[in-house]
Amino acid sequence: MESVFANIAQAPEDPILGVTVAYNKDTSPVKLNLGVGAYRTEEGKPVVLNVVRKAEQMLVNDPSRVKEYLPILGLADFNKLTAKLILGADSPAIQEDRVATAQGLSGTGSLRVGTEFLARHYHEHTIYIPQPTWGNHPKVFTLGGLSVKSYRYYDPATRGLDFQGLLKDLSAASSGAIVLLHACAHNPTGVDPTLEQWEQIRQLIRSKGLLPFFDSAYQGFASGSLDADAQPVRMFVADGGECFIAQSYAKNMGLYGERVGALSIVCKTADVAKRVESQLKLVVRPMYSNPPIHGASIVATILKDKALYDEWTVELKGMADRIINMRKQLLDALTSRGTPGDWSHIVKQIGMFTFTGLNAEQVKFMTEKYHIYMTSDGRISMAGLSSQTVPHLADGMHAAVTQVS
Ligand SMILES: Cc1ncc(COP(=O)(O)O)c(C=O)c1O
């Protein structure tokens, strides 16, 4: 008998994770994967931070630790510490008990829980997302029950921020609409507003009664400073207004596969926060019941111990600095090859990615001729690059720019 799924269509690969699938099939010794945003060492190896190893060892050595279910909203210690990390130790919202936090399945799961909460409890179902944005955003928001519109963000002509376009589009948004903001290190463009521009965005959002939803996937990765990278979020919390924040520990603690993150909803009063928290449980329980214990325990162990925390900040800064250094090396390599065009955006953009400006044809050429893998929008992960691979990438880019229009 034929399968009941005999007519099922073959689904396309995910545009980002599919790049790794193609890379894995390539047998060339010079192949280079700059698709997925995962940190690699100078030797091209994935890293487990020393501080993470230490925390894990402490957890293993503690016989009182068991594998019981966590509560629906996760590890209480983790939730307090994660809110403190993004909002700041002296945040009035925390002191006044106005923050409802749910431990989530990394950034993606936290975004999804926030989305379903909004779809159920918020009167406005439109979310404005930057153009472009991380490819998973529109899918998470749509499937979670919101309807997606976009606001201008990136200007290909300057390879920088289209600030006037952004202000115009948000000014035209209907009152109450949700606005997705990348807290720092905008993905895929690497283009962030300046603090002065953030202040204007804040004023506009508050004056129009829009609801900010921050996606914080790279705290510490943009500048190397956890506090500096949280500044935009803190500006919005300092004004006493409400906002949503999804955090991920995938990149900044290298906990990709542990799936540890959080959703925090900053409310106007402690009473509202308490009721919001009670409703978050109703979103989570039928979705995955309760979150996993291991990753959150690692994060909580590090965040609550001053020595481990300090050690983490040093390791994090080391990763951020290596990425910044790769930017300089790539720019130098293109300059020394005389590659046509202005490539200064490589060092101006920040975070894990450079939005090169290469078009889909040029990307295809580089993959076919140079075995260099990246998303078709020309985004490259600087974290996947090393001093040894910069020359090969620069050769590929030079050839693509000079041979493919
Ligand atoms: C902007 C942005 N948001 C969220 C995520 C979520 O990642 P994760 O679910 O692995 O934490 C990513 C990861 O690439 C991202 O770039």
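An unreviewed UniProt entry annotates the protein chain as Aspartate aminotransferase of Selenicereus undatus. What the UniProt record of the protein chain gives under Cofactor (unreviewed entry) is the line "pyridoxal 5'-phosphate". If you open the UniProt record of the protein chain and go to Sequence similarities (unreviewed entry), you find "Belongs to the class-I pyridoxal-phosphate-dependent aminotransferase family."

Engineer: I tried to follow the side chain of Arg 234 on my own but got confused; where do I start?
Structural biologist: You can see Arg 234 is positioned in helix H9 (residues 226-238). For Arg 234, the contacting residues outside a window of four places in its chain are Lys 84, Leu 85, Ile 86, Leu 87, Gly 88, Gln 219 and Asp 227.

Engineer: What exactly am I supposed to notice about the sheet that holds strand S8 (residues 211-216) here?
Structural biologist: Adjacent strands of a sheet form backbone hydrogen bonds with each other and so pair up, either parallel or antiparallel. In space, the 7 strands of this open sheet follow the order S2-S10-S9-S8-S7-S3-S4, with mixed pairing throughout. This sheet does not close on itself; its edge strands, each paired only once, are strand S2 (99-104) and strand S4 (147-152). On average, each strand axis in the sheet is tilted by 25° relative to the strand beside it, whichever way the strands run. Where strand S3 (residues 126-131) meets S4, 6 bridges bridge the pair, whose relative direction is parallel. Within S4, the residue paired with Tyr 128 across the bridge is Lys 149. Helix H3 (residues 76-87) contacts S2, S8, strand S9 (243-248) and strand S10 (261-266) of the sheet and is inclined by roughly 110° relative to S2.

Engineer: Please explain the site of the ligand as it appears in this structure.
Structural biologist: Close to the ligand lie 13 residues, the nearest being Ser 106, Thr 108, Asp 215, Tyr 218 and Ser 248. The contact in question runs from an oxygen atom of the ligand to an N or O atom on the backbone of Gly 107, over 2.7 Å. Within the contact set of the ligand, an oxygen atom lies 2.6 Å away from a side-chain nitrogen or oxygen of Tyr 218. Protein contact buries 91% of the 390 Å² of open area that the ligand shows by itself. In terms of residue count, helix H5 (residues 106-121) provides more of the shell around the ligand than any other element does, 3 residues in total. Residue composition of the shell around the ligand, by class: 4 nonpolar, 6 polar and 3 charged.

Engineer: How should the pairing of S10 be read in this particular structure?
Structural biologist: A regular strand places its side chains on the two faces of the sheet in alternate fashion. Of all 6 residues making up S10, 6 are buried, and the element is well covered by its neighbours. Where burial is concerned, the two faces of S10 agree: the one with Gly 261, Leu 263 and Ile 265 and the one with Ala 262, Ser 264 and Val 266 are both buried. In terms of strand pairing, S2 meets S10 through 6 bridges, oriented antiparallel. Note that in S10 the partner of Val 99 across the bridge is Val 266. Inspection of the sheet shows S9 paired to S10 by 6 bridges, in the antiparallel sense. When the bridges of S10 are listed, Phe 244 appears paired with Ile 265.

Engineer: Got a minute to help me understand the domain arrangement of the protein chain in this structure?
Structural biologist: You'll often see interface size given as the accessible area lost when the parts meet. Domain annotation of the protein chain identifies domain 1 (17-47 + 321-403) and domain 2 (69-304). Of note, the centres of domain 1 and domain 2, computed from C-alpha atoms alone, are 29 Å apart. On the domain 2 side, the residues contacting the 19 residues of domain 1 number 15 residues. Across the domain 1 to domain 2 interface the summed buried area is about 1400 Å²; carbon plus sulfur atoms make up 59%. Here domain 1 is connected to domain 2 by 0 salt bridges. Taken together, the connections running from domain 1 to domain 2 amount to 6 residue pairs in polar contact (both at pLDDT 80 or more). Contributions of two or more residues to the side of domain 1 that touches domain 2 are made by helix H12 (306-337) and strand S11 (353-355). When residues of the side of domain 1 that touches domain 2 are assigned to their parent elements, the largest contribution, 3 residues, is made by S11. Broken down by class, the residue content of the side of domain 1 that touches domain 2 amounts to 9 nonpolar, 7 polar and 3 charged.

Reading the values: rules and limits
Residues numbered from 1 in each chain as written. Predicted model: local features only at pLDDT ≥ 70, side-chain atom pairs only at ≥ 80, totals over all residues. Heavy atoms only, no water. UniProt positions renumbered as here; feature names shortened; annotations may be inferred. Helix = DSSP H or I, 4+ residues; strand = E, 2+ residues; numbered from the N terminus. Contact = heavy atoms within 4.5 Å. Pairing = 2+ DSSP bridges. Axes fitted to C-alpha atoms, helices over the stretch in contact; angles between N-to-C directions. Near = heavy atom within 4 Å. Polar contact = N/O pair within 3.5 Å; in protein donor to acceptor, adjacent residues only side chain to side chain. Areas by Shrake-Rupley, 256 points an atom, 1.4 Å probe, with all protein chains shown as cover. Nonpolar A, V, L, I, M, F, W, Y, C, P; charged D, E, K, R; others polar. Buried < 20%, exposed > 50% of the residue type's maximum accessible area, 1.4 Å probe, protein only. Domains from an automatic or database assignment. Buried area = accessible area lost by both parts, 1.4 Å probe. Salt bridge = Lys/Arg side-chain N within 4 Å of Asp/Glu carboxyl O.

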